[in-house]
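Report on the structure
So the chains spell out like this:
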Amino acid sequence: MANDIGNRDPEVFPAPDELDVRRDAHRHVAFGFGVHQCLGQPLARMELQVAYGTLYKRIPTLALATEFEKIPFKHDGQVYGVYELPVTW
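Below or above, wherever it landed, is the structure these notes cover. (Residues numbered from 1 in each chain as written. Predicted model: local features only at pLDDT ≥ 70, side-chain atom pairs only at ≥ 80, totals over all residues. Heavy atoms only, no water.)

1. Brief notes about the overall build of the protein
Rules: Each helix is a run of DSSP H or I of at least 4 residues and each strand a run of E of at least 2, with the numbering of both proceeding from the N terminus. Type-normalised accessible area, obtained with a 1.4 Å probe on protein chains alone, sets the label of each residue: buried when under 20%, exposed when over 50%, and partly exposed for intermediate values. The contact criterion used throughout is that any non-hydrogen atoms of two residues lie within 4.5 Å. What sets the accessible areas is the Shrake-Rupley method with a 1.4 Å probe; for residues, cover comes only from the shown protein chains. A positive count includes Lys and Arg, and a negative count includes Asp and Glu. His and the chain ends are not counted in either. Every charge is mapped onto a representative atom, which is NZ of Lys, CZ of Arg, CG of Asp or CD of Glu.
On a plain count of helices and strands, the protein comes out with one helix and four strands. With respect to the three principal axes, the spread of C-alpha positions in the protein is 40 × 30 × 25 Å. Sorting the 89 residues of the protein into buried and exposed places 6% on the buried side. Within the protein, counting contacts between residues at least 6 apart in sequence, those at least 24 apart form 22% of the total. Working note: accessible area of the protein is about 7,800 Å², and carbon and sulfur atoms make up 58% of it. The distance from the centre of the 9 positive side-chain charges to the centre of the 12 negative ones in the protein is 8 Å.

Take a look at the structure:
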């Protein structure tokens with residue numbers, strides 16, 4: 001599966017190219033689907049909730065230190081992401 005194109009259907013996910021942490025993404029395929037669902041999904045979800053919740057409470061002014069368009073995204077590997085993410089607070 002090409003991870004960089006998963007969850008990009010605009011009929012299912014409004015504005016799929018925008019990061020929206022409040023989005024109702026109940027039909028995403030980030031952890032697989034059905035019998036192919038990741039066994040570590042509950043742990044990963046809990047870790048993300050704790051990490052992001054703690055981060056935003058401790059550093060409420062956290063923001064990008066550059067324009068979004070200048071962030072270098074990875075398109076050359078198995079996992080989609082960024083090469084670097086400059087932030088400020």
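From this point, the discussion proceeds with the structure in view.
2. Concerning a nonpolar patch on the surface
Cut-off, in case you're wondering: Residues with no salt bridge and a relative accessible area higher than 30% make up the patches, which join like charges within 9 Å and nonpolar side chains (Val, Leu, Ile, Met, Phe, Trp, Tyr) within 5 Å. Take a side-chain nitrogen of Lys or Arg and a carboxyl oxygen of Asp or Glu: if they are within 4 Å of each other, that pair is a salt bridge.
Taken together, the side chains of Leu 64, Phe 68, Leu 85, Val 87 and Trp 89 define a hydrophobic patch exposed on the protein surface, amounting to about 520 Å² of accessible area. Within the secondary structure layout, Leu 85 lies in the loop between strand S3 (81–82) and strand S4 (87–88). Given the relative accessible area of 46%, Leu 85 is considered partly exposed.

Remember, this is a structural readout, not a statement about activity or role.
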